[in-house]
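Summary of structural features
Residues per chain, in single letters:
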Amino acid sequence: SKFQNWLDATFRWDMYARFDYTLQHSEPIAGKTILDVGCGTGRFAFEYLKRGAKHVTGIDIAENMLAICRQRAEAENVSDRCAFVQADLLKYQPDTKFDICIGIGLFDYIPDALQVLTKMREVTSDRVIVSLPRFWTWRAPVRKARLALKGCDVYFYTKEKIDALMKQAGFRRYELEHVGQLYCVTAFVQ
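Below, the structure is looked at part by part. Keep in mind it's a predicted model, so treat the numbers as computed, not measured.

1. Quick notes on the pattern of salt bridges
- A complete count under the given rule lists six salt bridges for this structure.
- With a shortest N-O distance of 3.7 Å, R51 and E27 are connected by a salt bridge. Note that R51 is positioned in the loop between α3 (43–50) and β2 (55–60) and E27 in the loop between α2 (13–24) and β1 (33–37), a separation of 24 residues in sequence.
- Since its relative accessible area comes to 39%, E27 is described here as partly exposed.
- The residue R72 makes a salt bridge to E76 at a minimum N-O spacing of 2.6 Å.
- Under the relative-accessibility criterion, E76 is labelled partly exposed at 34%.
- It is possible to trace a salt-bridge network through shared partners that takes in E27, E47 and R51.

Right, here's the structure in full:
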């Protein structure tokens, strides 16, 4: 609704900022292969396709989200340049490495971020882009309580924790940017 859009734009502007961050730090996109981990309804996947990505693979554990992506791919006539697969990244075995791998809104719900970051590095040849919710924010305790009522764990990160995770996952070079209630990270494989 218009009211929900206003609420998001006013109080969750960082969701839009992380979208811009992710695409900006993915450039150049044309001709690249992309892995979108936790792709949801494909917001990032379809934007990559619009910007000339060679191929985008979206993986998610929710089949209903993947069904939405497949329908949209058919409607937009891009099915030949994308695939949407029901998979857990830790069990996923791609045939080749991807140029870019993203995990946006993923680490909010991952209890072992190190395993996921390590796997992302293993399946990527150029860079990994992720967003992680910040620990010390006004929204963190509210979100933690709200999701706990639904039986959903949520995880938050400090800069120090992210620094440790990136190093342990094997990233020698990475950029960390504070974006509202989030951290956005671009980690380079080489």
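2. What about the sheet that holds strand β6 (residues 173–179)?
- With mixed pairing, seven strands are arranged side by side in an open sheet as β3-β2-β1-β4-β5-β7-β6. Here the strands that pair on one side only, and so sit at the sheet edges, are β3 (82–86) and β6. With direction set aside, neighbouring strand axes in the sheet form an average angle of 15°.
- Examined bridge by bridge, β2 and β3 share five bridges and lie parallel to one another. Paired with D60 across the strands is Q86, a residue of β3.
- Where helix α4 (residues 63–75) meets the sheet, its contacts fall on β2 and β3, and the angle it forms with β3 comes to roughly 165°.
- Packed on one face of the sheet, helix α5 (residues 113–122) meets β1, β4 (98–103) and β5 (124–133) and runs near 155° to β5.

3. Thoughts on the packing of aromatic side chains
- Scanning the model with the defined rule gives two aromatic pairs in all.
- With a centroid separation of 5.0 Å and 45° between ring planes, the pair formed by F19 and F44 is classed as tilted. Pair noted here: F19 is in helix α2 and F44 is in helix α3, with a separation of 25 residues, a long-range link.
- The buried category is assigned to F19, whose relative accessible area is 11%.
- Directly above the aromatic system of F19 lies the positively charged group of R43, at a separation of 4.1 Å from the ring centroid.
- The ring of F188 carries the charged tip of R173 above its face, separated from the ring centre by 4.0 Å.

4. Focus on α5
- Those residues of α5 not exposed but buried are A113, V116, L117, T118, K119 and M120.
- Packing partners of the buried residues in α5 comprise β1, β4, β5 and α7 (159–168).

5. Details of the packing of α5 against α7
- Packing of α5 against α7 leaves a shortest axis separation of 9 Å and a crossing angle of 45°. Looking at the two axes, α5 sits oblique to α7. With respect to the hand of their crossing, α5 and α7 are arranged in right-handed fashion. On α7, the residues touching A113, L114 and L117 of α5 are L165, M166 and Q168.
- Here the contact of α5 with α7 is composed, by residue class, of five nonpolar, one polar and no charged.

Thresholds, definitions, all that
Residues numbered from 1 in each chain as written. Predicted model: local features only at pLDDT ≥ 70, side-chain atom pairs only at ≥ 80, totals over all residues. Heavy atoms only, no water. Salt bridge = Lys/Arg side-chain N within 4 Å of Asp/Glu carboxyl O. Helix = DSSP H or I, 4+ residues; strand = E, 2+ residues; numbered from the N terminus. Buried < 20%, exposed > 50% of the residue type's maximum accessible area, 1.4 Å probe, protein only. Pairing = 2+ DSSP bridges. Axes fitted to C-alpha atoms, helices over the stretch in contact; angles between N-to-C directions. Contact = heavy atoms within 4.5 Å. Phe/Tyr/Trp six-rings, centres within 6.5 Å; stacked < 30°, edge-to-face > 60°. Lys NZ or Arg CZ within 6 Å of the ring centre and 35° of its normal. Parallel < 35°, antiparallel > 145°, perpendicular 65-115°, else oblique. Left-handed = near helix turned anticlockwise from the far one by under 90°. Nonpolar A, V, L, I, M, F, W, Y, C, P; charged D, E, K, R; others polar.

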